[in-house]
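These are the residues of each chain, in order.
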Amino acid sequence: MTTWFAQLGFKESPLDVRPNPALIGLERQEEQLVNHVLKGEICFLNGLTGSGKSSLLMRVQKNLRNHKFIYLDAQEMPKHFNLEEELKKKRSFFDKIRLKNFPSKTPVLIIDEFQATDQNIILDARAKWENPNEKKIKSIIIAQISKYLKNVTPAFKERLGNRTILLPTLDDEEMKEILKLRLQIGKTNYYNKLHNEAINLIVAAADGNPRKMLEYADYIFDFHYNKFKNNNPMLLNPTYLVTYWGAKEILELKKVNVNAYVYLEKEDKKRKLLAFEKRFNKQQREWLIFLMTGSQSVADLVKRFKVSESKASAALRELKAKGAVVRAGKKNRKQLWQASPHVKRLRVRV
């Protein structure tokens, strides 16, 4: 037994919903957060579930390599947690041999899920940050979903000031970029196995929440692996696409509300037809429509369009250069051609 992502060549799930430093659309917020840390300030990171708070905190810790961090999840903090002992753990080897009680590099304190923090710990942290004789903490980052800080004193809020970083809801294109970034492996991007309308459905159902989007996309890839096993078309069929209807059915099986996006088939047909007309001139469109009726040889094209063999061969070369035709075997030693699957998808009769 294996998993869909192992079958496709990933070492671990690219759609894992746990915090991931590969972020899209939060560059400005990251810059603000780093600036507060470098200046040794208290700041407040605020955003809805799945907006990227924990991922952004992870990214900052990864990128600020010359800083030490103490990361606390207030919801999972030990009952008898001691901040002073936690600070001592951050001492380097040289700090210890020089018998220093606290680290030479003053750590940055991160408190995630701040709403669950004990007030005594907050008071202790603030004292270790602002006491001019100690300054055992360089900077304090607090993070939570609610924009209201209910478990702090007015004095703490005064120290915080206006240093609040609000994580926005990502727009559709930023959500798609996250999915595209995650599904890349080598020269292959499995994002391209999802029809654009299927992606629109996933993004709309997630409603700006990257975590939900990754979860919904995982449902689709997992479904294909469990249904097809070693015959998974995502792996074996270069032209396979998960359609809107396929994605909708899979998400509905998982009780996902898919009513946020409705695929207007007629509108999609019009868009495809416009793309077909924009990419190919009138003569090329006529030839491609003929090549959609079945496999044809150069002689068949000569007969159908009453042109010379050299002109028919030249037209095929142009269409082949655009990826519009593919070889379709041979008949009586003559090469046969047909319209490519991509062009067939573009050409929709309305």
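Residues numbered from 1 in each chain as written. Predicted model: local features only at pLDDT ≥ 70, side-chain atom pairs only at ≥ 80, totals over all residues. Heavy atoms only, no water.

1. Some thoughts on the overall build of the protein
- A count of helices and strands for the protein gives 17 helices and nine strands.
- Relative to the globule expectation of 20 Å for 350 residues, the C-alpha radius of gyration of the protein, 29 Å, shows a markedly less compact shape.
- Here the protein holds 350 residues, and 44% of them are scored as buried.
- Within the protein, residue pairs in contact and separated by at least 24 positions form 70% of the contacts whose partners lie at least 6 positions apart.
- With an accessible surface of roughly 20100 Å², the protein has 49% of that area assigned to carbon and sulfur atoms.
- Separation of charge centres in the protein, based on 65 positive and 39 negative side chains, amounts to 8 Å. (Helix = DSSP H or I, 4+ residues; strand = E, 2+ residues; numbered from the N terminus. Rg over C-alpha atoms; globule rule 2.2 N^0.38 Å. Buried < 20%, exposed > 50% of the residue type's maximum accessible area, 1.4 Å probe, protein only. Contact = heavy atoms within 4.5 Å. Areas by Shrake-Rupley, 256 points an atom, 1.4 Å probe, with all protein chains shown as cover. Lys, Arg positive; Asp, Glu negative; His and termini not counted. Charge placed at Lys NZ, Arg CZ, Asp CG, Glu CD.)

2. Overview of the pattern of salt bridges
- Inspection of every chain in the model, using the stated rule, returns 15 salt bridges.
- A salt bridge links Arg59 to Glu30; the shortest N-O distance between them is 2.9 Å. One end of the pair, Arg59, is in helix H3 (residues 53-63); the other, Glu30, is in helix H2 (residues 27-38), and 29 residues separate them in sequence.
- Overall, the relative accessible area of 15% leaves Glu30 in the buried class. (Salt bridge = Lys/Arg side-chain N within 4 Å of Asp/Glu carboxyl O.)

3. Structural notes on the confidence of the model for the protein
- Per-residue pLDDT for the protein has a mean of 87; in total, 94% of the residues score no lower than 70.
- Across the protein, the secondary-structure element scoring lowest on mean pLDDT is helix H13 (residues 265-279), at 61, and the one scoring highest is helix H1 (residues 4-7), at 96. (pLDDT = per-residue confidence, 0-100.)

4. A short note on the side chain of Gln335
- Looking at where Gln335 falls in the secondary structure, it is placed in strand S9 (residues 334-339).
- Side-chain polar atoms of Gln335 contact the side chain of Arg327, separated by 3.2 Å.
- When residues no more than four places from it in sequence are discounted, the contact partners of Gln335 are Gln296, Ser297, Val298, Arg327, Ala328, Gly329 and Lys330. (Polar contact = N/O pair within 3.5 Å; in protein donor to acceptor, adjacent residues only side chain to side chain.)

5. Focus: the packing of aromatic side chains
- Applying the stated criterion across every chain yields a total of ten aromatic pairs.
- Where Tyr244 meets Trp245, the ring centres are 4.7 Å apart and the plane angle is 85 degrees; that geometry is what we call edge-to-face.
- Given a relative accessible area of 46%, Trp245 falls into the partly exposed group.
- Ring-pair connections join several aromatic residues into one group, and the members of that group are Trp4, Phe5, Phe10, Tyr190 and Phe221.
- A cation sits over an aromatic face here: Arg304 above Phe290, 5.6 Å from the ring centre.
- Above the ring of Phe305, the side-chain terminus of Arg304 is found at 5.0 Å from the ring centroid. (Phe/Tyr/Trp six-rings, centres within 6.5 Å; stacked < 30°, edge-to-face > 60°. Lys NZ or Arg CZ within 6 Å of the ring centre and 35° of its normal.)

6. Concerning the environment of Ala125
- Looking at the element boundaries, Ala125 is found in helix H6 (residues 119-130).
- Overall, Ala125 belongs to the buried group, its relative accessible area being 2%.
- C-alpha of Ala125 to C-alpha of Leu15: the two residues are 110 residues apart in sequence and 36 Å apart in space.

7. A word on the nonpolar core
- Counting residues in hydrophobic clusters, the biggest one holds 55 residues, and the most contacted among them are Leu33, Leu179, Met213 and Phe221.
- For this core, the element with the highest residue contribution is helix H10 (residues 210-228), accounting for eight residues.
- The residues touching Leu179, leaving out its near neighbours within four places in the chain, are Leu15, Tyr191, Leu194, Met213, Leu214 and Ala217.
- Listed in part, the 24 residues of the second largest apolar core include Leu72, Ala125, Trp129 and Ile140. (Core = buried A, V, L, I, M, F, W, Y, C linked by side-chain atoms within 4.5 Å.)

8. Observations regarding the environment of Lys229
- Along the chain, Lys229 falls in the loop between H10 and helix H11 (233-236).
- For Lys229, a relative accessible area of 32% puts it in the partly exposed group.
- Along the backbone, Lys229 and Lys53 are 176 residues apart, and their C-alpha atoms lie at a distance of 36 Å.
- Filtering out sequence-adjacent residues up to four positions away, Lys229 remains in contact with Gln7 and His224.
- Looking at Lys229, its side chain comes within polar contact range of the main-chain oxygen of Asn226, at 3.0 Å.

9. Quick word on the pairing of strand S1 (residues 42-46)
- Taking burial as the measure, the five residues of S1 include five buried ones, the bulk of the element.
- Side chains of S1 alternate between two faces, with Ile42, Phe44 and Asn46 and Cys43 and Leu45 buried alike.
- By the bridge criterion, five bridges tie S1 to strand S4 (residues 139-144) in an arrangement that is parallel. Residue Ile42 lies in a different strand from S4, and its bridge partner there is Ile140.
- Of the strand pairs in this sheet, S1 and strand S5 (residues 164-166) are connected by three bridges, and their pairing is parallel. Looking at the pairing, Leu45 lines up with Ile165 of S5. (Pairing = 2+ DSSP bridges.)

10. Overview of the sheet that holds strand S3 (residues 108-112)
- Spatially, S2-S3-S4-S1-S5 is the arrangement adopted by the five strands of the open sheet, whose pairing is parallel. Two strands in the sheet have a free side with no partner beyond their single neighbour: strand S2 (69-73) and S5. Adjacent strand axes in the sheet meet at a mean angle of 15 degrees, parallel and antiparallel pairs treated alike.
- Seen against the sheet, H2 touches S1, S3, S4 and S5 and runs at an angle of roughly 160 degrees to S5.
- In the packing of H6 onto the sheet, contacts are made with S1, S3 and S4, and the angle to S4 comes to roughly 150 degrees. (Axes fitted to C-alpha atoms, helices over the stretch in contact; angles between N-to-C directions.)

11. Brief notes about unusual backbone geometry
- With a phi angle near 55 degrees, Asn332 is a residue other than glycine that sits in the positive phi range.
- Note that Asn332 resides in the loop between strand S8 (325-331) and S9.
- You can call Asn332 exposed: its relative accessible area is 69%.
- The phi dihedral of Arg333 is positive, around 65 degrees, even though this residue is not glycine.
- Residue placement: Arg333 occurs in the loop between S8 and S9.

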